[in-house]
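Each chain, written out:
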Amino acid sequence: MTTRARSTTVTWSRANARRLDRQSLSDSPSSAGHAAPGVPAAVSAMLGAHAQVLSAAELSVGLRAPGVTRAEVRAALWTDRTLVKTFGPRGTVHLLAADDLPMWTGALSAVPAGSSPFTKDARMTPDQVEAVVAAVAGALTGAELTIDELSDEVVGRTGSWAGDLVMPAFQGMWPRWRQVLHLAGRRGALCYAPNRGRKATYTNPGTVPMPGPEASAELVKRYLRAYGPATPVHFAQWLAAPRGWAGQLFEDLAGAGAIEEVTLEGCGGAWVVAGDTRFPSAAPRGVRLLPYFDAFTIASRPRERLFPGAARERALAGGQAGNFPVLLVDGTVAGVWHQRRSGKRIAVTVEPLRPLNAGRTRALEAQVEQLGRVLEGTPELTVGEVTVGAHA
């Protein structure tokens, strides 16, 4: 990108403090007096809650919105429909604020597609892709279908070729059309509906995507407000988008005066929304528990500053964040934890990388109590070694 004069230098500590404040994860003075966010606002602020494991998403939301329980998150998702469960950043299942869905679908649809991972005989032509997306949208309008019911509809609306068993799956082969499932979600033609027994169902959310350029620009600005200062590479990694595309997007926004460059300790040039250059003066403080694939641990860069020293070895799996639930102490990863539920009882084991003093131990106990309220159970804290592996 073109080099520009940088008028602001931001330390890692101040950048991290602002990110924590904006995630409602801070005990700093700058966050005092701020109203606790409701469920959709909390999800919007973190740019989606990773929901491959729904209980982890419920905890991500509840720990940012004091007083909120998992039942309230589920009500927002399935009853009030102020949340939507669908394919979000990196193609993974997320909870997104329903009001943000036009932006998300517009922006995700604008991300250039990579090369097909499928063999030549399994691939679909562009016309076939469009036919399947249209069939998914039509079949799910006003309906809630299981994947098998949706498959029958798609094959019936397009042709037998869509049902050819050519995609390797966990215990067999999937029909050809399934390679477009994520794309249909990104286009706004599909999202999750409530389970039918133990089976997932899908529906059409009825959203109209924003135009791609407008949606992409808005997503960059939302990302920078939540996780800036950040670089185009950081954004591309978070979204699983091509770096060249992200770089050009930032360049265009800089040229339009929508974002501005600052110097971020450990990164050099990084970007914030134009005019958004105020940062807390106090260092982060407080103790927090964050679940699997929490948005803060996934999106915050540079990762080596968030996972310093021993935290990198203990809490990252091959350099990938999110595989372990983490203990944050004063804004950086300082341990891992695990929960095991049996009825109402929730056994919580926390492994700090360094001994906690009395004040931090009390703060940890308060976090565990809040975890119990969110998950509607009775927590029991043990401070000791976590013996399970990543993503257990």
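Above this note sits the structure.
Calculation notes
Residues numbered from 1 in each chain as written. Predicted model: local features only at pLDDT ≥ 70, side-chain atom pairs only at ≥ 80, totals over all residues. Heavy atoms only, no water. Pairing = 2+ DSSP bridges. Helix = DSSP H or I, 4+ residues; strand = E, 2+ residues; numbered from the N terminus. Axes fitted to C-alpha atoms, helices over the stretch in contact; angles between N-to-C directions. Buried < 20%, exposed > 50% of the residue type's maximum accessible area, 1.4 Å probe, protein only. Phe/Tyr/Trp six-rings, centres within 6.5 Å; stacked < 30°, edge-to-face > 60°. Lys NZ or Arg CZ within 6 Å of the ring centre and 35° of its normal.

Caption draft 1: Focus on the sheet that holds strand S13 (residues 326–329). One open sheet holds the 5 strands; their spatial order is S12-S13-S14-S15-S16, and the pairing between them is mixed. Among the strands making up the open sheet, the edge pair consists of strand S12 (287–290) and strand S16 (378–383). Adjacent strand axes in the sheet meet at a mean angle of 30° when their direction is disregarded. With 4 bridges joining them, S13 and strand S14 (residues 332–342) adopt antiparallel strand pairing.

Caption draft 2: Region of the structure containing helix H1 (residues 12–22). Counting buried positions along H1 gives 8 out of 11 residues, so the element sits mostly inside the fold. Burial in H1 covers these residues: Trp12, Ala15, Asn16, Ala17, Arg18, Arg19, Leu20 and Asp21. Remark: Ser24 follows H1 within two positions and exhibits a positive phi of approximately 55°.

Caption draft 3: Fine view of the pairing of strand S10 (residues 259–264). Note: strand S1 (residues 9–10) against S10, 2 bridges, orientation parallel. Opposite Thr9, over in S10, you have Thr263 as the bridge partner. By the bridge criterion, 6 bridges tie S10 to strand S11 (residues 268–273) in an arrangement that is antiparallel. Paired with Leu264 across the bridge in S11 is Gly268.

Caption draft 4: Just the packing of aromatic side chains, in detail. Summed over all chains, the structure comprises 9 aromatic pairs. Between Tyr192 and Tyr202, the aromatic rings sit 4.9 Å apart at their centres with planes inclined by 40°, giving tilted as the arrangement. Of the two residues, Tyr192 is situated in strand S8 (residues 191–196) and Tyr202 in strand S9 (residues 199–203); the sequence distance between them amounts to 10 residues. Tyr202 matches Tyr192 in its accessibility class, with the two residues each being buried. The interplanar angle of 70° and the centroid separation of 5.3 Å between the aromatic rings of Tyr223 and Phe235 together place this pair among those described as edge-to-face. Taken together, the residues Tyr223 in helix H9 (residues 212–227) and Phe235 in helix H10 (residues 232–239) connect sequence positions 12 residues apart. One exposure class covers both Tyr223 and Phe235, and it is buried. An aromatic cluster of at least three residues, connected via ring pairs, comprises Trp104, Tyr223, Tyr227, Phe235, Trp238 and Phe250. When the ring centre of Phe279 is taken as reference, the NZ or CZ atom of Arg18 above it lies at 3.9 Å.

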